[in-house]
Amino acid sequence: MTTGTQLRAPREEDFRSHLRSPAVAARVGLWLGIAFAVCFVTGLISHYAQNPAQPVPFPTSPSWGYRVTQGVHVVAGYGCVPLLLVKLWTVFPKLFARPPKAMRELALHAAERASIGVLVAAAIFQLASGIANAAQWYPWTTFSFRATHYAVAWVAIGALVIHVAVKLPIIRHALGAEVDDTTQDRPAATEPGVLTRRGLLRTTWSAAGVAALVTAGSAVPLLRRVSVLGVRSGDGPGGIPINKSASAAAVTASATAASYRLAVAYAGREVTLTRADLEALPQQTVTLPIACVEGWSASGEWTGPTVRDVMRLIDAPAGRDLRVESLQQRGAFRATTLSSGFADDERTLLALGLDGETLALDHGYPCRLIAPNRPGVLQTKWVARMEAL
Ligand SMILES: Nc1nc2c(c(=O)[nH]1)N[C@H]1C(S)=C(S)[C@@H](COP(=O)(O)O)O[C@H]1N2
Ligand SMILES: [Mo]
């Protein structure tokens, strides 16, 4: 820098690399848009699956459905990170474009800028909060992750639709022409970059692929070893990770006490059962996954009586929702509603064993709920009470 040079904000024309072009932005944006749409749809599914009051009951089949949608949600979300970074880099100079002078153009310009500001902020928030959640890091104490991630998803998708609509002519032209086409480039974007445009795109696709691969292993057993970012490795008894341990849930004493009883209630009647009583009921074995909302999943062979058989003990009729409560005294996941479709499904068990062994304390001993196609967060461990509503 020579003396006398003034420090000033950059101008649009200072950015000269021809990589920062609509041709690149549109291509990366297309895949970013697709990945965001996939995240949005799978996120809606997950949100609905966790909604206790469902106008249309969430299906119990296929049993691996939620495992797939939630795995795809998290993998697509991680894949968005490099795509979003490259996309922002390619359009960055536009941030310094001089606003038009004429009133009407200025108003349009301001509106467009505002919508992009909302889109960028919402997209960054979704990726950051989603990754923090998948990494089981919960920095938020003042807001609910699920409610906020859901609300901001609508903001992001709305802003995305507006953005695509506004840019549609540019996008269509860019995607219809060669990647090296320069007709839509900024006049200053004339210098070759360190890469060709094709090279930059290839690098971007590889980075997105790597980001997806390193997380996919938490849901796909075959990929486990390459998934350095997959939080859950398949450790834990029966090859199933442990989400909350018995000691973290403060149930070690109550779950192992000789005085443990399962209360089963309906219409003012109540019976209490020991674990031996549960073992004396007809036992079923089913293969079902635990599919956490954090994206990891693992399949296990669960053994125990069906929930339906347990409810029959007090003549609770089919078609009833159940309230399932844990020995755990505190925490959001200590109780769930099991809607009738799940309660009556013959694959829904009160599991006493996993993979031929007694259920481990950390997996929910003396008994835990396991139902097909159900978010992991609702598979209540250390069950203490089931009541037909
Ligand atoms: N009582 C109780 N049950 C619970 C939880 C909990 O915190 N408390 N965590 C849930 C969550 S978030 C998941 S993903 C599954 C994980 O089951 P696992 O620890 O046996 O793998 O248990 C669910 N059941
Ligand atoms: Mo979970």
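Per chain, residues are indexed from 1 in the order of the written sequence. Think of it this way: whatever chain is written first is A, whatever ligand is written first is 1, and the rest follow in order. pLDDT decides what is reported in this predicted model: residues at 70 or higher carry local features, side-chain atom pairs at 80 or more are listed and counted, and totals for whole chains, interfaces and linings draw on all residues regardless. Processing note: side-chain calculations cover all non-hydrogen atoms of the structure and skip hydrogens and water entirely.

As named in an unreviewed UniProt entry, the protein is Molybdopterin-dependent oxidoreductase, taken from Nocardioides bigeumensis. UniProt positions are given in the numbering used here, feature names are shortened, and annotations may be inferred rather than shown by experiment. Heading Subcellular location (unreviewed entry) of the UniProt record for the protein holds this comment: "Cell membrane".

S.K.: What is the right way to read the nonpolar core from this model?
M.R.: Most often, soluble globular proteins keep nonpolar side chains buried together rather than apart. Counting residues in each nonpolar core, the largest one holds 36 residues, and the members touching the most others are Leu 262, Leu 278, Val 310, Met 311, Leu 322 and Met 386. Strands are runs of DSSP state E lasting at least two residues, helices are runs of H or I lasting at least four, and both sets are numbered from the N terminus onward. Of all elements in the fold, only strand S1 (262-266), helix H8 (307-312), strand S5 (322-326), helix H9 (340-344) and strand S11 (383-388) reach the threshold of two or more residues within this core. It is S11 that contributes the most residues to this core, four residues altogether. Both domains that furnish three or more residues to this core are identified here as domain 1 (12-223) and domain 2 (239-388). The contact partners of Leu 322, leaving out residues within four places of it in the chain, are Val 307, Met 311, Thr 336, Thr 337, Leu 338, Ala 343, Met 386, Glu 387, Ala 388 and Leu 389. Think of a nonpolar core as a cluster: buried Ala, Val, Leu, Ile, Met, Phe, Trp, Tyr and Cys residues, connected wherever their side-chain atoms sit within 4.5 Å. Only protein chains enter the accessibility calculation, which uses a 1.4 Å probe; a residue is then buried when its area is under 20% of its type maximum, exposed when over 50%, and partly exposed in between. In this document the domain limits rely on a domain assignment from an automatic tool or a database. We call two residues in contact when some of their heavy atoms are within 4.5 Å.

S.K.: How do you make sense of the UniProt feature "transmembrane region" (unreviewed entry) in the protein when you look at a structure like this?
M.R.: If you check UniProt for "transmembrane region" (unreviewed entry), the listed places come out as residues 28-50, 70-92, 113-135 and 147-166 in our numbering. When the span residues 70-92 is considered, its composition is 96% helix and 0% strand, and the gap between its end C-alpha atoms is 32 Å. Within residues 113-135, the helical portion is 96% and the strand portion 0%, while the C-alpha atoms at the span's ends are 33 Å from each other.

S.K.: Looking at this structure, I do not really get the domain arrangement of the protein. What am I missing?
M.R.: Where the parts come together, the accessible area they lose is often given as the size of the interface. For the protein, the assigned domains read domain 1 (12-223) and domain 2 (239-388). On a C-alpha basis, the centres of domain 1 and domain 2 stand 39 Å from each other. With 22 residues of domain 1 at the contact, the number on the domain 2 side is 23 residues. A buried area of about 1,800 Å², summed over both sides, lies between domain 1 and domain 2, and 51% of it is on carbon and sulfur atoms. We define a salt bridge as a side-chain nitrogen of Lys or Arg found within 4 Å of a carboxyl oxygen belonging to Asp or Glu. Along the contact surface separating domain 1 from domain 2 lie zero salt bridges. A 3.5 Å cut-off defines polar contacts: any pair of N or O atoms within that distance qualifies, except that in protein one atom must be a possible hydrogen donor and the other a possible acceptor, and neighbouring residues in sequence count only when both atoms are side-chain atoms. Taken together, the connections running from domain 1 to domain 2 amount to nine residue pairs in polar contact (both at pLDDT 80 or more). Defined here as a combined quantity, buried area equals the accessible surface (1.4 Å probe) lost by two parts on assembly, summed across both.

S.K.: What is the right way to read the packing of helix H1 (residues 22-49) against helix H4 (residues 145-176) from this model?
M.R.: Relative orientation and spacing of two packed helices are given, respectively, by the angle between their axes and the distance between those axes. Think of each axis as a best-fit line through the C-alpha atoms, taken over the contacting stretch in the case of a helix, with angles from 0 to 180 degrees between the N-to-C directions. Their axes nearest at 9 Å, the elements H1 and H4 cross at an angle of 150°. Taken together, the axes of H1 and H4 lie roughly antiparallel to each other. In this structure, the crossing between H1 and H4 has a hand that is left-handed. Contacts between H1 and H4 pair Pro 22, Ala 23, Ala 26, Arg 27, Leu 30, Gly 33, Phe 36, Ala 37, Phe 40, Leu 44 and His 47 from the former with Arg 146, Tyr 150, Ala 153, Trp 154, Ala 156, Ile 157, Leu 160, Ile 170, Ile 171, Ala 174 and Leu 175 from the latter. Any residue outside Ala, Val, Leu, Ile, Met, Phe, Trp, Tyr, Cys, Pro, Asp, Glu, Lys and Arg is labelled polar, Gly included; the first ten of those are nonpolar and the last four are charged. Split into classes, the residues belonging to the contact of H1 with H4 amount to 18 nonpolar, two polar and two charged. The cut-offs work like this: below 35 degrees is roughly parallel, past 145 is roughly antiparallel, 65 to 115 is roughly perpendicular, and the gaps in between are oblique. Crossings are sorted by hand: turned counterclockwise from the far helix by less than a right angle, the near helix makes the crossing left-handed, and turned clockwise it makes it right-handed.

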